[in-house]
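# Chains, contacts and geometry: an overview
So you can see what is in the structure, the chains are spelled out below.
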Amino acid sequence: MAYWTTIIGLLALTQLGLAKYTKFPEGFTFGVATASHQIEGAWNVSGKSENVWDRLTHTRPWMIADGTNGDIACDSYNRYREDVEELVYLGVDFYRLSLSWARILPTGRIDYVNPDGIRYYNDLLNALAEQNIEPLVTLFHWDLPQALQDLGGWANPRMIDYFQDYADLCFREFGDRIKSWITFNEPYEICEDAYGDEKKAPAIDSHGVGNYLCSDTLLKAHAEVFHLYNETYRPVQNGNIMISINSIWYEPSDPADAEQVALAEIANQFKFGWFAHPIFSEEGGYPAIMIENVARQSAAEGLRIPRLQQFDDYWIDRIRGTSDILGINHYTTHLITGPGVDPIAKSPSWLKDIGAVTTMEVGGDSASEWLRIVPTGFANLLRWCKSSYNDPPIFITENGCSDRGELEDYNRIKYFNDYLTEILNVIYDDGVNVLGYTAWTLMDNFEWRAGFSERFGLYYVNITDPERPRTAKLSADYYKQLCATREIPQDDRFKDPALRVRTEL
Ligand code: NOJ
């Protein structure tokens, strides 16, 4: 009985949100994010060409959990004014959106600019300006024009030029209204999931090879676009430009096990450091441990040239320091259980190159298998970023949790509550310089290979209705209150009644 009283008491304490801090510092900003392919639809309308996700979902529909696709999605191409109304309701400071390369440049190259693509984004940006909502714009959120994929996509070094041309056009056409740019969303997912695996389009699955070809190109393309903005556009447009890196944060399953601790550090260098180290570390270049491990594995495979090589001095220099802010997407933490080859690792592969066994058996549940709820992992990641990269300004460009379609989404609210609390803890206790927070996502949308089966929205979207009606979930009201008060809401109505009842027993 005493045992159960203690457990229930503890549950009640966390549920009641008895956190040390609840109020965000002056100047901290709040927003929500979406991405073009996940919401726009209009996949072949008004000059837009096919992108890699159109190709994957149309030719291999069985690869999408519920067989859906982005053909219509939330129909934001036609309903962007409704999106803006939702943003106004929430009272956000900014809206993170992404541009569809294939809508703007149907061949992927600069030889033909689609006037309708320019018109669409001008309309959206102007609608946001009318409401004083700042746009935070991502140039590339995974929807590569298929025409460029046909040339090898990010495994082809010529992509550095194509990306630069595309970015140049976007800066020129839209930059007068955009104060914050993101070059790439989640480079790890682009390179590892799409080229080194088949978790994302174009699902090349060139494990241990294509993923590293991709990272060489992507980091150079990022750097060139940063320099372009910095030298040509910043002086007149006065904005900032960053990259958004995703972390599955790794922790040892037994913190007292020194070997596991060391392996977790290696895993974090492979996951976050792969893209963060070349840009944010003092010495630049890929993390030494990656170069070392891949060289050792490559030699064992009988290769003359390692699958991943360090950049030369020119590129180390050119890439280092090319982000004004460290953009972090963060959702979850996984564990390291020991050395060896992870049972799910292909050969060769990024995962095998790490040399550690991982598990997802940690934290609370969401609707996504990979998304374990571990708020303290977020705090550890943020502290690690501060110490590894010389105290950079950090912007949380995504954070959120999935449901299966419920409107009273207490699990998401609790997720926000606990993750936001950890942000406050590291700001006030550790001096981590976090500037803003972006909830993923405004409304339920096309969640890539999960289709609409895993929903991350503050708004529920009925995708069986051609009008795509959007209904605010309880978390929309929670977020609205957060934006209005700059304080983590403590009201009872945001707490799971099931737990409320239990605390009264
Ligand atoms: C990160 C990606 O940027 C976004 O597109 C995706 O929907 C969320 N994670 C949730 O998986």
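For the structure itself, consult the block above.
Let us look at the structure shown here. (Residues numbered from 1 in each chain as written. Predicted model: local features only at pLDDT ≥ 70, side-chain atom pairs only at ≥ 80, totals over all residues. Heavy atoms only, no water.)

The next point concerns the nonpolar core. Counting 154 residues, the largest nonpolar core has L99, W101, W154, W181, I423 and Y479 as the members making the most contacts within it. Ignoring sequence-local partners within four residues, the contact set of W101 consists of G108, F140, D143, L144, P145, L148, W154, M159, Y162, F163 and Y166. Within the second largest apolar cluster, six residues are counted, among which are F94, I182, M242 and I325. (Core = buried A, V, L, I, M, F, W, Y, C linked by side-chain atoms within 4.5 Å. Buried < 20%, exposed > 50% of the residue type's maximum accessible area, 1.4 Å probe, protein only. Contact = heavy atoms within 4.5 Å.)

The full count for this structure, using the stated rule, is four cavities of 30 Å³ or more. The volume enclosed by the second largest cavity comes to roughly 90 Å³. Lining of the second largest cavity is provided by 14 residues; of these, F140, W142, I190, A194 and A201 occupy positions nearest its centre. Among the secondary structure elements, those contributing two or more residues to the lining of the second largest cavity are α3 (52-59) and α9 (187-194). In terms of residue count, α9 provides more of the lining of the second largest cavity than any other element does, three residues in total. Each residue belonging to the lining of the second largest cavity can be placed in one class, and the counts come to 11 nonpolar, one polar and two charged. (1 Å grid on protein atoms, 1.4 Å probe; cavity = no way out; pocket = protein on both sides within 12 Å on 5 of 7 lines; lining within 4 Å. Points joined across faces, edges and corners; volume = space filled by probe spheres on them. Helix = DSSP H or I, 4+ residues; strand = E, 2+ residues; numbered from the N terminus. Nonpolar A, V, L, I, M, F, W, Y, C, P; charged D, E, K, R; others polar.)

This part covers the site of the ligand. Among the 13 residues in the neighbourhood of the ligand, the closest are listed as Q38, H141, N185, E398 and E447. A distance of 2.8 Å is found between an oxygen atom of the ligand and a side-chain nitrogen or oxygen belonging to N185. Take W440: an N or O atom from its side chain is 3.1 Å from an oxygen atom of the ligand. Here the ligand has 300 Å² of accessible area as a free molecule, and 96% of this is covered by the chains. A molecule is said to occupy a pocket when more than half its atoms come within 2 Å of that pocket's grid points, and by this definition the ligand occupies the largest pocket. Considered class by class, the residues forming the shell around the ligand number six nonpolar, four polar and three charged. (Near = heavy atom within 4 Å. Polar contact = N/O pair within 3.5 Å; in protein donor to acceptor, adjacent residues only side chain to side chain. Areas by Shrake-Rupley, 256 points an atom, 1.4 Å probe, with all protein chains shown as cover. Sits in = over half its atoms within 2 Å of the grid points.)

Attention now goes to the state of the cysteines. Under the counting rule described, the total for this entry stands at one disulfide. Here C191 engages in a disulfide with C214; their sulfurs sit 2.1 Å apart. The chirality of the disulfide connecting C191 with C214 is left-handed, given an S-S dihedral of about -70 degrees. One end of the pair, C191, is in helix α9; the other, C214, is in helix α10 (residues 210-237), with 23 residues separating them in the sequence. Take C191 and C214: they sit in the same class, and that class is buried. Unpaired in terms of disulfides, C385 finds its nearest cysteine sulfur in C191, a separation of 19 Å. Looking at C401, it has no disulfide partner, and the nearest cysteine sulfur is the one in C483, 18 Å off. (Disulfide = S-S within 2.5 Å.)

Evaluation of the coordinates by the stated rule reveals 37 salt bridges. Linking E189 and K271 is a salt bridge whose minimum nitrogen-to-oxygen distance equals 3.2 Å. Residue E189 is located in helix α9, and its partner K271 is located in helix α11 (residues 258-280); the two are separated by 82 residues in the primary sequence. Take K271: its relative accessible area is 1%, and that puts it in the buried class. Residue D430 is joined to R383 by a salt bridge in which the shortest nitrogen-to-oxygen separation is 3.0 Å. Taken as a pair, D430 in helix α16 (residues 410-430) and R383 in helix α15 (residues 375-388) lie far apart in primary sequence, 47 residues in all. Here R383 falls in the partly exposed class, since its relative accessible area comes to 32%. Residues joined by salt bridges that share partners form a network here, namely D75, R79, E82, D83, E86, E467 and R470. (Salt bridge = Lys/Arg side-chain N within 4 Å of Asp/Glu carboxyl O.)

Let us look at helix α12 (residues 288-300). Taking 1.5 Å of rise per residue, the 13 residues of α12 would be expected to cover 18 Å, and the 19 Å separating its terminal C-alpha atoms lies within 8% of that figure. Residues M290, I291, N293, V294, Q297 and S298 constitute the buried set of α12. Contacts made by the buried residues of α12 are with α10, α11 and α14 (350-354). Just beyond α12, the residue with positive phi is G302, at close to 80 degrees. (Expected span 1.5 Å × (residues − 1).)

With that settled, the discussion passes to the packing of aromatic side chains. This structure, assessed with the given rule, holds 52 aromatic pairs. Here the aromatic rings of Y77 and Y120 are separated by 5.0 Å at their centres, their planes lie at 35 degrees, and the arrangement is tilted. Highlighted residues: Y77 in helix α4 (residues 76-90) and Y120 in helix α6 (residues 115-130), separated in sequence by 43 residues. Assigned by exposure class, Y77 and Y120 land together as buried. Each ring, one from F416 and one from Y478, has its centre 6.4 Å from the other, and the planes form 10 degrees; the classification is stacked. Placement of F416 in helix α16 and of Y478 in helix α17 (residues 474-485) is noted, with a sequence separation of 62 residues between them. (Phe/Tyr/Trp six-rings, centres within 6.5 Å; stacked < 30°, edge-to-face > 60°.)

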